[in-house]
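Topology and contacts: notes
Now for the letters of each chain:
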Amino acid sequence: MSKDAILPQHTEALGYGIYAIDTGFQRPRFDAAYLMVEAGRAAFIDTGTNHSVPRLLEALEALGLARVAVDYVIPTHVHLDHAGGVGLLMRELPSATLICHPRGLRHMVDPSQLWASATAVYGAEEMARSYGELVPVPAERARPSSDELVLELAGRPLRFIDAPGHAKHHHCIWDARSRGWFTGDTFGLSYREFDEGGRPWALPTSTPVQFEPEAMKASIARMLAAEPDCLYLTHYGRVREVARLAALLNGLIDGMTAVARQAQAERHERIKQGLLALYATSLREHGSPLDTEEIERLLATDLELNAQGLEVWLGKA
């Protein structure tokens, strides 16, 4: 990065050639894409939606990088807040190769089933408003990741692990240079509104339809084994205190599954209210002064989706 480069307001330099880009999805500091720069070459990790693509290209331009300098576009998984903009972004990056989990790759090449599945969850009106039309990626420009794959960006090794729990089509990426994991959704969500005294809070995400609590715990343990200094979360930004957050997540995973098991009649609403109570209690322990009404407002989408995901998990269990 040039000393004279002026970053857009939505882009934050994190050191080690890593930049967090606020994609603008839903609300400020809700959804991040990451740009990694090494020796004049670049990679995007997660993209946000189609509406996010101009911000990603603006960040690239601000850093003085040509679009042909981008070697890789790497969604952590194919949920649309992470990968909805992949096809449109790839159109603008003539030298880039898509690296996608093998279970999700076909949905990037032919997004019709992905669109149908997401529409079933969100509805057609919300899909059009939030995501826009999905653009397919040419098959010859896409390749699958694999567990323990090491990919080099201008000699900088990026290690991939299969990381189920949130989704079966999820991988996480280890950057030894910064000693950090790009975690997508496997290591939960950490919104800055819940920071207290500079300390982050996090909650697991059980978004439908592939939530697996024990697999999520195993993926978290596998990331901890690398003794990371930090995590790069899509929702939202870089966090530290990794061991504390892992313990918090594991406890909340158990609490969420207990809430789901206890709900019977009016199950969906009971799960939502149980989750709200669980998260509010956890936030009080964290030191948050926010009242339950404000917590419910900030977590409205997550309460709904986590309840849906827990219902699907219950049906399978």
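Summary of the structure given here. Because the structure is a prediction, the values reported are computed rather than measured.

Conventions and cut-offs
Residues numbered from 1 in each chain as written. Predicted model: local features only at pLDDT ≥ 70, side-chain atom pairs only at ≥ 80, totals over all residues. Heavy atoms only, no water. Pairing = 2+ DSSP bridges. Helix = DSSP H or I, 4+ residues; strand = E, 2+ residues; numbered from the N terminus. Salt bridge = Lys/Arg side-chain N within 4 Å of Asp/Glu carboxyl O. Buried < 20%, exposed > 50% of the residue type's maximum accessible area, 1.4 Å probe, protein only. Axes fitted to C-alpha atoms, helices over the stretch in contact; angles between N-to-C directions. Phe/Tyr/Trp six-rings, centres within 6.5 Å; stacked < 30°, edge-to-face > 60°. Lys NZ or Arg CZ within 6 Å of the ring centre and 35° of its normal. 1 Å grid on protein atoms, 1.4 Å probe; cavity = no way out; pocket = protein on both sides within 12 Å on 5 of 7 lines; lining within 4 Å. Points joined across faces, edges and corners; volume = space filled by probe spheres on them. Nonpolar A, V, L, I, M, F, W, Y, C, P; charged D, E, K, R; others polar.

**Side note on the pairing of strand β9 (residues 156-162)**
In the sheet, strand β8 (residues 150-153) pairs with β9 via 4 bridges, with the strands oriented antiparallel. Opposite L153, over in β9, you have R156 as the bridge partner. Connecting the antiparallel pair β8 and β9 is a turn made up of 2 residues, with A154 showing a positive phi of about 50°. Bridge analysis of β9 against strand β10 (residues 171-175) gives 5 bridges, and the strand direction is antiparallel. Its bridge partner being in β10, L158 is matched across the sheet by D175.

**Points about the pattern of salt bridges**
Taken as a whole and judged by the stated rule, the model has 19 salt bridges. D175 is the partner of R156 in a salt bridge, and the nearest nitrogen-oxygen pair spans 2.8 Å. Residue R156 is located in strand β9, and its partner D175 is located in strand β10; the two are separated by 19 residues in the primary sequence. In this structure, R199 engages E241 in a salt bridge whose closest nitrogen and oxygen atoms are separated by 3.8 Å. On the criterion of sequence distance, the pair formed by R199 in the loop between β11 (180-184) and α7 (213-224) and E241 in the loop between β13 (237-239) and α8 (242-262) is long-range, its members being 42 residues apart. E241 sits in the partly exposed class, given a relative accessible area of 32%. Three or more residues joined by partner-sharing salt bridges are found here, namely E38, R156, D175 and R177.

**Considerations on the sheet that holds β10**
Overall, mixed pairing links the 6 strands, which are arranged β8-β9-β10-β11-β12-β13 in an open sheet. Only two strands of the sheet have a single partner each, and these edge strands are β8 and β13. Each neighbouring strand pair of the sheet contributes to a mean axis angle of 25°, computed without reference to strand direction.

**What about the packing of aromatic side chains?**
Enumeration over the complete set of coordinates arrives at 11 aromatic pairs. With 6.5 Å between their ring centres and 50° between their planes, Y191 and F194 make a pair best called tilted. Exposure class is identical for Y191 and F194. Each is buried. Centroid distance F211 to W313: 6.4 Å. Interplanar angle 65°. Geometry classified as edge-to-face. Taken together, the positions of F211 in the loop between β11 and α7 and W313 in helix α11 (residues 300-316) put the pair 102 residues apart, joining distant regions of the chain. Residue class for W313 comes out buried when judged on its relative accessible area of 11%. Over the aromatic face of Y191 sits the side chain of R27, whose NZ or CZ is 4.8 Å from the ring centroid.

**Focus on the sheet that holds strand β2 (residues 18-22)**
Strands pair in a sheet through their backbones, by hydrogen bonds, and they do so in one of two ways: parallel or antiparallel. Overall, mixed pairing links the 7 strands, which are arranged β1-β2-β3-β4-β5-β6-β7 in an open sheet. Unpaired on one side and paired on the other, β1 (11-15) and β7 (142-144) mark the two borders of the sheet. Here the strands of the sheet are splayed against their neighbours by 25° on average, with no regard to which way each runs. Alignment of strand β3 (residues 32-38) against strand β4 (residues 41-45), held across 5 bridges, turns out to be antiparallel.

**A word on empty space enclosed by the protein**
Empty space among the atoms can be located by rolling a probe the size of a water molecule over them. A complete count under the given rule lists 1 cavity of 30 Å³ or more for this structure. Of the volumes computed, that of the largest cavity is approximately 50 Å³. A83, G84, V86, G87, H107, M108, P111, L134 and V135 are the residues that line the largest cavity. Mapped onto the lining of the largest cavity, the elements with two or more residues apiece are α3 (86-92) and α4 (105-109). A per-class count over the lining of the largest cavity returns 6 nonpolar, 3 polar and no charged.

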